[in-house]
Amino acid sequence: MAVVITEDCISCNACEAECPNNAIYGPGVSYIYGTEERPALNDEHTYIVPDKCTECIGFYDDPQCIPACPTEAIIADPERVETKEQLMAKKETLDKVGR
Ligand code: SF4
Ligand code: SF4
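Residues numbered from 1 in each chain as written. Chains lettered and ligands numbered in written order. Predicted model: local features only at pLDDT ≥ 70, side-chain atom pairs only at ≥ 80, totals over all residues. Heavy atoms only, no water.

Q: Explain the site of ligand 2 to me, and be specific about the residues and the numbers.
A: Around ligand 2, 13 residues are found, and the nearest of them are C9, C12, N13, C15 and C69. Here the shell around ligand 2 is composed, by residue class, of nine nonpolar, four polar and no charged. (Near = heavy atom within 4 Å. Nonpolar A, V, L, I, M, F, W, Y, C, P; charged D, E, K, R; others polar.)

Q: Describe the environment of A2, with residues and values.
A: Within the secondary structure, A2 is located in the segment before β1 (3-5). Taking C-alpha positions, A2 is 8.5 Å from K52, a pair spaced 50 residues apart along the chain. Sequence-distant contacts of A2, defined by excluding residues within four places in its chain, comprise P50, C53, E55, A76, D77, R80, E82 and K90. (Helix = DSSP H or I, 4+ residues; strand = E, 2+ residues; numbered from the N terminus. Contact = heavy atoms within 4.5 Å.)

Q: Now, about a negative patch on the surface: what can you tell me, with residues and values included?
A: Where like charges cluster on the molecular surface, the negative patch consists of E7, D8, D43, E44 and E72. The topology assignment puts E7 in the loop between β1 and β2 (24-25). According to the relative accessible area criterion, E7 is exposed, its value standing at 74%. (Patch = residues over 30% accessible without salt bridge, like charges linked within 9 Å, V, L, I, M, F, W, Y side chains within 5 Å. Areas by Shrake-Rupley, 256 points an atom, 1.4 Å probe, with all protein chains shown as cover. Salt bridge = Lys/Arg side-chain N within 4 Å of Asp/Glu carboxyl O. Lys, Arg positive; Asp, Glu negative; His and termini not counted. Charge placed at Lys NZ, Arg CZ, Asp CG, Glu CD. Buried < 20%, exposed > 50% of the residue type's maximum accessible area, 1.4 Å probe, protein only.)

Q: A description of the site of ligand 1 should follow, citing residues and the corresponding values.
A: Lining the immediate surroundings of ligand 1 are V3, C19, P20, N21, I24, I48, C53, T54, E55, C56, P63 and C65. Looking at side-chain class alone, the shell around ligand 1 contains nine nonpolar, two polar and one charged residues.

Q: Give a description of the packing of aromatic side chains that names residues and reports values.
A: Taken as a whole, this structure holds two aromatic pairs when the rule is applied. Judged by centre distance (6.1 Å) and plane angle (55°), the rings of Y25 and Y31 are tilted. Side by side, Y25 and Y31 carry an identical accessibility label, which is buried. Here the aromatic rings of Y25 and Y47 are separated by 6.0 Å at their centres, their planes lie at 25°, and the arrangement is stacked. Taken as a pair, Y25 in strand β2 and Y47 in strand β5 (residues 47-48) lie far apart in primary sequence, 22 residues in all. For the residue pair Y25 and Y47, the accessibility class agrees, reading buried in each case. If you follow K91 out to its NZ or CZ, it ends over the ring of F59, 5.2 Å from the centre. (Phe/Tyr/Trp six-rings, centres within 6.5 Å; stacked < 30°, edge-to-face > 60°. Lys NZ or Arg CZ within 6 Å of the ring centre and 35° of its normal.)

Read these as layout, nothing more, since geometry by itself doesn't imply function.
In structure tokens, the structure reads:
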């Protein structure tokens, strides 16, 4: 499943540099998907783009952002349960379209 940032986030951006998929953006910052720029998904705190989060599958064994967070604000998103195969397919799509 993708991971999600909760309201415990203080927008320190420590997690952003850890993401191999460029899936983490600051509050109000528009995000990039392939060659497209899309509107921010959250204006209140740092957010993760679900379509770009592979739980780090294809790069690392575990999500790299979770241990980087000082407020434990990053959790598995129960509304976005995905298998390893689905996460790998997402990674391969990003390989093609860009991050
Ligand atoms: S789990 Fe990995 S891919 Fe997903 S947002 Fe965190 S660092 Fe990025
Ligand atoms: S490391 Fe934690 S507190 Fe800092 S921006 Fe990321 S989710 Fe927010």
